[in-house]
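# A closer look at the structure
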Amino acid sequence: LILAVALNGAGYHLTNQWDFWVFPDRPAPTMNAVADPEALKLVGGRYTQLKPLADAPDTKLRIVRTLTKSDLKHLTDGGDVLLLGAKPFPANATRFQIGVAGRAHMNLATVIQPHPALKYLPNAGWCDWQFHNLLEHGECIEFNKIPAPFDPIVEIVSSYKYIRLQTAMWEARTDGGRLFVASFNFQMDDPAAVALLDGMLEYCQSSLFQPRSTISITDTLTPVLQGVQFKSLRGNDGNFYPGKSIF
């Protein structure tokens, strides 16, 4: 909704407008999935059909807050994983406010690609106020430090002074299954977060779940899980000034 106001008088004409983000109170989507304890605690109140991971570990879709060795086995066996968070990937904190005063460690923009997982969260190709709570205290995964294709759904654009390939939402095929990652700050009292979760859960259970990129369990996910640090994958490790630290 847009509230537009105009004030006219002798010698002046003033206008302004404000956006209001209103989300319908829709029922939760039908679920056939399991969740680890932390994810179940976060979203189980809305998605009551979710089962504990320990009760049905072979269920096709599992929702987790941290990617584990068990999840990699599930992916290898052809399962799907929805990761609500960044662990164990290298990640940076996100804020809604863009960088100011030339601060190189802050971010300058967001770019959203059209995607069916965002069906209930309208946008104009960037993170407007509906993303405020999602970005505040959220995280973005840094692909400079991962040997994998950078194909973001929601890109967090770094400063040109300290170039980093960052994303808060992405997906990939693995050697056997499919991985969808969203590392926003999900709060279940935030209507925008609920709308986003509804869209992601519907997407991950549909035939539309067809990631374009592939990430290797052997070469990428397993080393990341083991704490291996991949350095300088993009030539200068993201530093705009080669050989120097900006901090």
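The numbers attached to residues start from 1 for each chain and follow its sequence in the written order. Residue-level local features of this predicted model are given only where pLDDT is at least 70; pairs of side-chain atoms are given and counted only at 80 or more, and the full residue set underlies all totals for whole chains, interfaces and linings. In computing side-chain properties, one takes all heavy atoms of the structure into account and sets aside hydrogens as well as water.

### Structural notes on the overall build of the protein
- Comment: elements are numbered from the N terminus, with helices defined as DSSP H or I runs of at least four residues and strands as E runs of at least two. Across its full length, the protein holds five helices and 12 strands.
- Computed over the C-alpha atoms, the radius of gyration of the protein is 20 Å, within 12% of the 18 Å expected from 2.2 N^0.38 for a compact globule of 247 residues.
- For the protein, the spread of C-alpha atoms along the principal axes amounts to about 75 × 55 × 30 Å.
- Residues count as neighbours in contact if any of their non-hydrogen atoms are within 4.5 Å of one another. Long-range pairs, those at least 24 residues apart, make up 62% of the contacts in the protein with a sequence separation of at least 6.
- Working note: accessible area of the protein is about 12700 Å², and carbon and sulfur atoms make up 55% of it. The globule rule used here is 2.2 Å times the number of residues to the 0.38 power, and the radius of gyration it is set against is calculated over C-alpha atoms. Here the Shrake-Rupley method, with its probe set to 1.4 Å, supplies the accessible areas, and only the displayed protein chains count as covering residues.

### Side note on the side chain of Asn107
- Relative to the elements of secondary structure, Asn107 occurs in strand E8 (residues 107-112).
- The exposure class assigned to Asn107 is buried, which follows from its relative accessible area of 12%.
- Polar contact is the term for a pair of N or O atoms within 3.5 Å; when the atoms are in protein, one must be able to donate a hydrogen and the other to accept it, and sequence-neighboring residues count only if both atoms are side-chain atoms. For Asn107, the side chain forms a polar contact with the side chain of Gln166, separated by 2.9 Å.
- Not counting chain neighbours up to four residues away, the residues in contact with Asn107 comprise Ala93, Ile98, Gly99, Ile156, Val157, Ser158, Arg164 and Gln166. The buried label goes to any residue with under 20% of its type's maximum accessible area, the exposed label to any with over 50%, and the partly exposed label to all in between, with areas taken from a 1.4 Å probe on protein chains only.

### What to know about the nonpolar core
- With 39 residues, the main nonpolar core has Ile63, Met169, Phe180, Phe184, Phe186 and Met200 as its most contacted residues.
- Sorting elements by how many residues they give to this core places helix H4 (residues 191-204) first, with eight residues.
- Setting aside anything within four residues of it in sequence, one finds Met200 in contact with Leu84, Ala117, Met169, Phe180, Ala182 and Phe186.
- Buried Ala, Val, Leu, Ile, Met, Phe, Trp, Tyr and Cys residues form a nonpolar core when they are joined through side-chain atoms within 4.5 Å. Ranked by size, the runner-up nonpolar core spans 21 residues in total, among them Val81, Leu83, Ile217 and Val224.

### Focus on the environment of Leu135
- Among the structural elements, Leu135 can be located in helix H3 (residues 132-135).
- Taking the relative accessible area as the measure of exposure, Leu135 reaches 3% and is therefore buried.
- For the pair Leu135 and Leu108, spaced 27 residues apart in the sequence, the C-alpha separation amounts to 13 Å.

### A word on helix H2 (residues 69-76)
- Within the span of H2, buried status applies to Asp71, Leu72, His74 and Leu75. Down the axis of H2, the buried side of the element spans an arc of 155°, and every buried residue falls inside it. Among the exposed residues of H2, those oriented more than 90 degrees off its buried face are Lys69 and Lys73.
- Buried-residue contacts for H2 involve strand E5 (61-64), strand E6 (80-84), strand E12 (178-182) and helix H5 (217-225).
- Gly78 occupies a position one or two residues after H2 and carries a positive phi of about 100°. To be clear, the arc concerns the directions from the helix axis to the C-beta atoms.

### Structural notes on the pairing of strand E2 (residues 12-19)
- The criterion for strand pairing is that DSSP finds at least two bridges linking the strands in question. Relative to E2, strand E1 (residues 2-9) is paired through eight bridges, and the arrangement is antiparallel. Each bridged residue has a counterpart across the sheet, and for Ala4 the counterpart in E2 is Gln17.
- Once E1 ends, the chain turns through two residues before running back antiparallel as E2, passing Gly11 with a positive phi of about 90°.

### Topic: the confidence of the model for the protein
- Each residue carries a pLDDT score, the predictor's confidence in it, ranging from 0 to 100. Taken residue by residue, the protein gives an average pLDDT of 91. The fraction at 70 or more is 93%.
- Contacts of residues 236-247 to residues separated by more than four positions or lying in other chains number 25 contacts, the stretch itself having pLDDT below 50.

### Focus on the packing of H2 against H5
- In the contact formed by H2 and H5, the axes pass within 10 Å of each other and the chain directions differ by 165°. Relative to H5, the element H2 is oriented roughly antiparallel. In this structure, the crossing between H2 and H5 has a hand that is right-handed. For the pair formed by H2 and H5, the contact residues are Lys69, Leu72, Leu75 and Thr76 on the first element and Ile217, Leu221, Thr222 and Leu225 on the second. Think of each axis as a best-fit line through the C-alpha atoms, taken over the contacting stretch in the case of a helix, with angles from 0 to 180 degrees between the N-to-C directions. Working rule for angles: under 35 degrees goes down as roughly parallel, over 145 as roughly antiparallel, 65 to 115 as roughly perpendicular, anything else as oblique. Crossing handedness is read from the near helix: turned anticlockwise from the far helix by less than a right angle, it gives a left-handed crossing, and turned clockwise, a right-handed one.

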